[in-house]
Amino acid sequence: MQEQLEETIQQYSPMVYRLAYARTRNRQDADEIYQEVFLRYLRKKPVFQNKTHEKAWFLKVTVNCANSLWHSVWRRRTEPLKEELMLETQEEIDLSHALQKLPPFYREVIHLFYYEELSTSEIGKILHRKTSTVRTQLTRARAILKEILKEEYDEF
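Residues numbered from 1 in each chain as written. Predicted model: local features only at pLDDT ≥ 70, side-chain atom pairs only at ≥ 80, totals over all residues. Heavy atoms only, no water.

S.K.: Break down the overall build of the chain for me, citing the residues and quoting the values.
M.R.: Summing up its helical and strand segments, the chain has eight helices and zero strands in all. The contacts in the chain between residues at least 6 apart in sequence include a share of 68% that link residues at least 24 apart. On the chain, roughly 10,100 Å² of surface is accessible, and the fraction owed to carbon and sulfur atoms is 53%. (Helix = DSSP H or I, 4+ residues; strand = E, 2+ residues; numbered from the N terminus. Contact = heavy atoms within 4.5 Å. Areas by Shrake-Rupley, 256 points an atom, 1.4 Å probe, with all protein chains shown as cover.)

What follows is the structure, encoded as structure tokens:
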């Protein structure tokens, strides 16, 4: 049982942390969300129907924990530190900066679609949005990202 718990945590750790960081844009908050997600997993020991259900559970709990953090009184009284994840190439750095300029609801659908490789219907279920809304948000987010990146490259 302990071994299975550890395997599950190792399997979903990168995904949970990436989503937490994408939502918060700073390591301290992402660490806090990451810890909370896995504490909930260890406390509740949920039983999953399949791997898809398991992945969806971790994504949903991560989104919920991030939302709770954003709405907390403590969060509204703090000023975030400026820091970035270590990125390999200039393109990754540029993309990260462009993504940070997106509103959170666009940033999360982009993250779930491209980084977690979820379908629009899966994203809709996780975020409690209609599939058509998710598709619209993806389209708009792509257009905004294109403009942001175009402006940044035009400056050079």
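S.K.: Account for unusual backbone geometry, with residues named and values stated.
M.R.: Although it is not a glycine, K45 sits at a positive phi angle of roughly 45°. Tracing the backbone shows K45 in the loop between α2 (27-44) and α3 (51-71). Even without being a glycine, E117 presents a positive backbone phi close to 55°.

S.K.: I'd like a description of a nonpolar patch on the surface, backed by residues and values.
M.R.: Judged by side-chain polarity, L95, Y114 and Y115 come together as a nonpolar surface patch covering roughly 280 Å² of accessible area. For L95, a relative accessible area of 30% puts it in the partly exposed group. (Patch = residues over 30% accessible without salt bridge, like charges linked within 9 Å, V, L, I, M, F, W, Y side chains within 5 Å. Salt bridge = Lys/Arg side-chain N within 4 Å of Asp/Glu carboxyl O. Buried < 20%, exposed > 50% of the residue type's maximum accessible area, 1.4 Å probe, protein only.)

S.K.: Break down the packing of helix α1 (residues 2-24) against α2 for me, with residues and values.
M.R.: Running from N to C, α1 and α2 point in directions that differ by 145°, and their axes come no closer than 9 Å. For the pair α1 and α2, the sense of crossing is right-handed. Residues L5, T8, I9, Y12, S13, V16, Y17, A20, Y21 and T24 of α1 lie in contact with α2, whose contacting residues are R27, D29, A30, D31, I33, Y34, V37, F38, Y41 and L42. Taken together, the residues that form the contact of α1 with α2 break down as 14 nonpolar, three polar and three charged. (Axes fitted to C-alpha atoms, helices over the stretch in contact; angles between N-to-C directions. Left-handed = near helix turned anticlockwise from the far one by under 90°. Nonpolar A, V, L, I, M, F, W, Y, C, P; charged D, E, K, R; others polar.)

S.K.: How would you summarise helix α5 (residues 90-100) if you had to cite specific residues and measurements?
M.R.: Looking only at α5, the buried set comprises D94, S96, A98 and L99. On its buried face, α5 is in contact with α6 (104-115) and α8 (131-154).

S.K.: I'd like a rundown of the pattern of salt bridges, residues and numbers included.
M.R.: All told, the structure shown has five salt bridges when counted by the stated rule. Among the ionic pairs, E36 bridges to R40, the shortest N-O distance being 2.9 Å. Here E36 and its partner R40 are both found in helix α2, four residues apart, which amounts to about one turn of the helix. Using a relative accessible area of 27% as the deciding quantity, one classes E36 as partly exposed. Residue classification places R40 among the partly exposed residues on the basis of a relative accessible area of 26%. A salt bridge links E54 to K51, with the shortest nitrogen-to-oxygen separation between them at 3.1 Å. Here the residue E54 and the residue K51 both occupy positions in helix α3, the gap between them amounting to three residues, near one helical turn.

S.K.: Give me the packing of aromatic side chains: which residues, what numbers.
M.R.: Here the structure, examined in full by the defined rule, presents eleven aromatic pairs. Taken together, a centroid distance of 5.1 Å and an interplanar angle of 45° make the contact between Y41 and F58 tilted. Here the residue Y41 occupies a position in helix α2, and F58 occupies one in helix α3, the gap between them amounting to 17 residues. Of the two residues, Y41 and F58, both sit in the buried class. Three or more aromatic residues link up through ring pairs in this structure, and these residues are Y12, Y17, Y34, F38, Y41, F48, W57 and F58. (Phe/Tyr/Trp six-rings, centres within 6.5 Å; stacked < 30°, edge-to-face > 60°.)

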